[in-house]
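Residue-level structure breakdown
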Amino acid sequence: MSKLKPASQYAASEISEATKFSPALTHYLGFSFSQDANLRHQNRTETWNAAALGTILNTESAQAVCGEWSLVAKSLLREVFNECFKEAPVALFALGKLGSDELNLSSDVDILIVAHEEDPGHLKALRLFQKTLTERTPRGFLFRVDFDLRPGGRQGPMIPTLDHFVDYYGNYGETWERLAFVRLVSIAGNQDVISQVQAFAKKFTYRKHLDYTLLDDLKSLRSRIRQHYSPQSQAGILDLKLGVGGIRDVELFVHALQVIHGGKNPKLQVPSTTQALSLLEESKILPSNDAQFLKTHYWRLRQLENFVQAQNDEQTHLLDKSTPVPTWAETSLKTLDQDLKRCDQIVETLLGKASSTTAAPVIESTTAQEVWQEILQIEVLSRNKERDEQARLQFLSEFYETLQKQKGDSEKALQHLKEFIKSTRAKASFFTLLVRNKNLMDELAWLFGHSPYLSQILSSRPELIDSYVYRSQELTKDDLSILLEQLVEKRLLGELINGSHYLEDKNIEVLQANLSATADEIAETLLSELKKEFPSKMGILCLGKWGGQELGFRSDLDFVFVTPDEPGENDTKLARRFINRLTESRKGGSIFAIDMRLKPSGKAGPFVISENQLREYLTQEAQIWERQAYLKARVLSTNPIPVPSWILSRKLLETELQELERIRGELIRYAPDTLDLKYMDGGMLDIELFSQTEILEKSRAVSGTSTLDFLSEIPSAEPLKKNYLRLRQIEQMLQLVSTEGGAKLRSNHESFQHLAKALQVTANELEQELSSLISENLQILNQLDPRRRSKILNSN
């Protein structure tokens, strides 16, 4: 039972007052828990509500709120841990504010799990443990968990053994890790593991004899941390945690004094910040005035921190002074600047000045500032951290400056940058490369600021950056497994390079030609390599957008296999192997997704067909929509197969025109408040099918297989050709600026605003342009389209 006053005991007027400041509280108070509800979520929610109300209305002290919240967190963690790990020789420990019983309202819980010895079964239990705690349900989640304080950090095993724990900290432990272990406490698990971990941790953290390297480290530690996190003061925005004289400064100062003096004075070996300050005062290590001031100042900051986190149940430490706050907070803020300065003066006597050698950029957006702080917390992976940390900070500062000049989306760009740095494991070599190569930094900022799609490619495969720099890639043809990975990279690299250019020049015809040429090279290379195992004269007939050399981003490949003679066993094996290698999942995804629905006789048809069989099928058996589709056929192999001439030999019947109009009607889609560039009446597909129908009906000879080639042969279709190019240009830009595929647009959606910006028009201008394009297309199609004419004649 929580010691905090429950929400049920507050008057309606009090709750109404509190919810003015907290949408999260309004949300959680709306939860109803039945008798068979999950008691863990109910306990978590009711305690959070009581803590938020107590904070906002100032009916509970910050110390009481954090203490009770910590106890509930430990209780839930203990229950879930015991349920998942049962009697396994494993132990659970708390660190950070959870360890000191000072947990804030929307914090990750810093935990460490140590096993007596390795056991694969522990990882299964760990996954269940994490899922139970973090999984979002209709009644919220329990806690976000952070394992980063384990041996080796993010690169270390999730569950270190006792031997690994002792070996790592005994040989590689750093000063900041000694300070972190001040708040290491056990929560649950095997008592033998707990005893051994705690015994070693105390020996590691507290030394009986003063070591001078510790004093040297502490003198520069604060400055180094400032360089690492680099909090930025902004007008009206207060960083309660990372700002000078803030929460982190107080905790760092207190822990440093504990580590220095705790070896000789075991009484100081306590996890609580408040208790430690009292003991430091009692031991005459800290003047009474300073100790009392720091306690008051610390908990004032913690109450403000709980207030900003209670607003949306988000892990933020930024207080916007321009937003309304309760009366008690207004009072606290009046003297806060003065108190921060005094705290800074006390802290710098031990930890040095809060200086940074690299100026941090001014980031106005609160969301962007929070992502920036997360980026700064990602440690550089290097053997010479002090040197490479400077390169990292220099890169980050210059990157943000570049981003501002390019006027990209700063918030999304920083999010993409964070993912990219994580995927590189923050290797120093990447930061050094980017600092030295300004053009590459410019391109990286451009991609991250303008294209979520390209950013995701680079973040998932950071090793592509070398090939991206040199705009080339060598293929290894003597090892098929390596070649297959390289072909995936070739596709991704092609999209990266051409996407980067397209964002700037918006040349849709060049984009389509380049992406199609990349697909040609990939398919030819793969087919050639596989023919070494399965000798064959089989070739590939490209269809759809691939056949028309009009591939775009996220395109799949339409094709059929064709042989000069009757297909043999080797041909069939080669075809199956080609499909498997092309579509099987690899590190960067598959080489290409495919669509083979256009093979003769559809799903029931053979994988491989001879030229004569295909000619016979298309001229005698094929349905009209198949003949229409095969107008796009283009031979990839060296064997010439002039398919279009076979199709044009038989003109369209009136019944076939009616069938094509019926198919058109089924394909056209309408949704309110949505513009579907592909499937709407007068959209791209409508134009594509019209051009193919017109070529078939008039038996027009064409010089190529693209929609533009077809439209060029149709009198009076020049405006339609221009409009089609513009729609295709807009659709492909949408692929780059949106995180989702498809061609659907909603004018009130965020992606529409990003699209308009990428096209250098306003959202209203884009909306009006699209409306005008579709309207003009419909007027032209109603005059020229033989399918529509057939429909009118048939209705009469």
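Predicted model only: the values in this text are computed from it and were never measured. (Residues numbered from 1 in each chain as written. Predicted model: local features only at pLDDT ≥ 70, side-chain atom pairs only at ≥ 80, totals over all residues. Heavy atoms only, no water.)

1. Re the layout of surface pockets
One way to see where empty space is left: roll a probe the size of a water molecule over the atoms. Convention followed: A pocket here means an open set of points on a 1 Å grid, computed over the protein atoms alone, that has protein on both sides within 12 Å along at least five of seven lines. A cavity is instead a set of points where a 1.4 Å probe fits but cannot get out; residues with an atom within 4 Å of a point line either one. Grid points are joined across faces, edges and corners, and a volume is the space filled by probe spheres set on the points. Helix and strand assignments come from DSSP, with helices taken as H or I runs of at least 4 residues and strands as E runs of at least 2, each series counted from the N terminus. Nonpolar residues are Ala, Val, Leu, Ile, Met, Phe, Trp, Tyr, Cys and Pro. Charged residues are Asp, Glu, Lys and Arg, and all others, Gly as well, are polar.
Of the voids in this model, the second largest pocket is the one considered here, and its volume is about 1,200 Å³. If you trace the second largest pocket, you find 34 residues lining it, with Asp558, Arg597, Lys678, Tyr679 and Leu685 closest to the centre. Broken down by element, the lining of the second largest pocket gets its largest block of residues, five residues, from helix H31 (residues 684–698). Here the residues of the lining of the second largest pocket sort into 11 nonpolar, 10 polar and 13 charged.

2. Some words on the sheet that holds strand E1 (residues 90–94)
Paired through backbone hydrogen bonds, the strands of a sheet run either parallel or antiparallel to each other. Operational definition: Each pair of strands is called paired provided DSSP finds at least two bridges between the two strands.
One open sheet accounts for four strands, arranged E3-E2-E1-E4; its pairing is mixed. Strands with a single pairing partner mark the edges of an open sheet, and in this sheet they are strand E3 (145–146) and strand E4 (185–189). Pairing analysis gives five bridges linking E1 to strand E2 (residues 109–115), with the strands arranged antiparallel. Across the sheet, the residue bridging to Ala94 is Ile111, located in E2.

3. Digging into the confidence of the model for the protein
The line we're drawing: The predictor's confidence in any single residue is recorded as pLDDT, a number from 0 to 100. Every residue pair with non-hydrogen atoms within 4.5 Å of one another is taken to be in contact.
Confidence in the prediction for the protein averages 86 pLDDT; 89% of positions are at 70 or higher. Counting interchain partners and residues more than four positions distant, the pLDDT-below-50 stretch residues 638–643 has 12 contacts.

4. Details of the nonpolar core
Counted only if it meets this: Residues enter a nonpolar core if they are buried and are Ala, Val, Leu, Ile, Met, Phe, Trp, Tyr or Cys, with the set joined through side-chain atoms within 4.5 Å. Only protein chains enter the area calculation, which uses a 1.4 Å probe; residues under 20% of their type maximum are buried, those over 50% are exposed, and those in between are partly exposed.
The biggest cluster of nonpolar side chains holds 108 residues, and the ones touching the most others in it are Trp546, Phe561 and Phe578. Broken down by element, this core gets its largest block of residues, 10 residues, from helix H23 (residues 480–505). Ignoring sequence-local partners within four residues, the contact set of Phe561 consists of Met538, Gly539, Ile540, Ala575, Phe578, Ile579, Met596, Phe607, Val608 and Ile609. In this structure, Ala7, Leu133, Val259 and Val308 belong to the second largest nonpolar core, which totals 91 residues.

5. Examining the pairing of strand E7 (residues 539–543)
Most of E7 is tucked away: five of the five residues are buried. Side chains Gly539, Leu541 and Leu543 project from E7 onto one buried face, and the interleaved Ile540 and Cys542 project onto a second face that is buried too. Sheet topology places E7 next to strand E8 (residues 557–563); five bridges connect them, and they run antiparallel. Among the inter-strand pairings, Gly539 is bridged to a residue of E8, identified as Val562. Where E7 lies against strand E11 (residues 634–635), two bridges are found, and the strand directions are antiparallel. For Leu541, the partnering residue across the bridge sits in E11 and is Val635.

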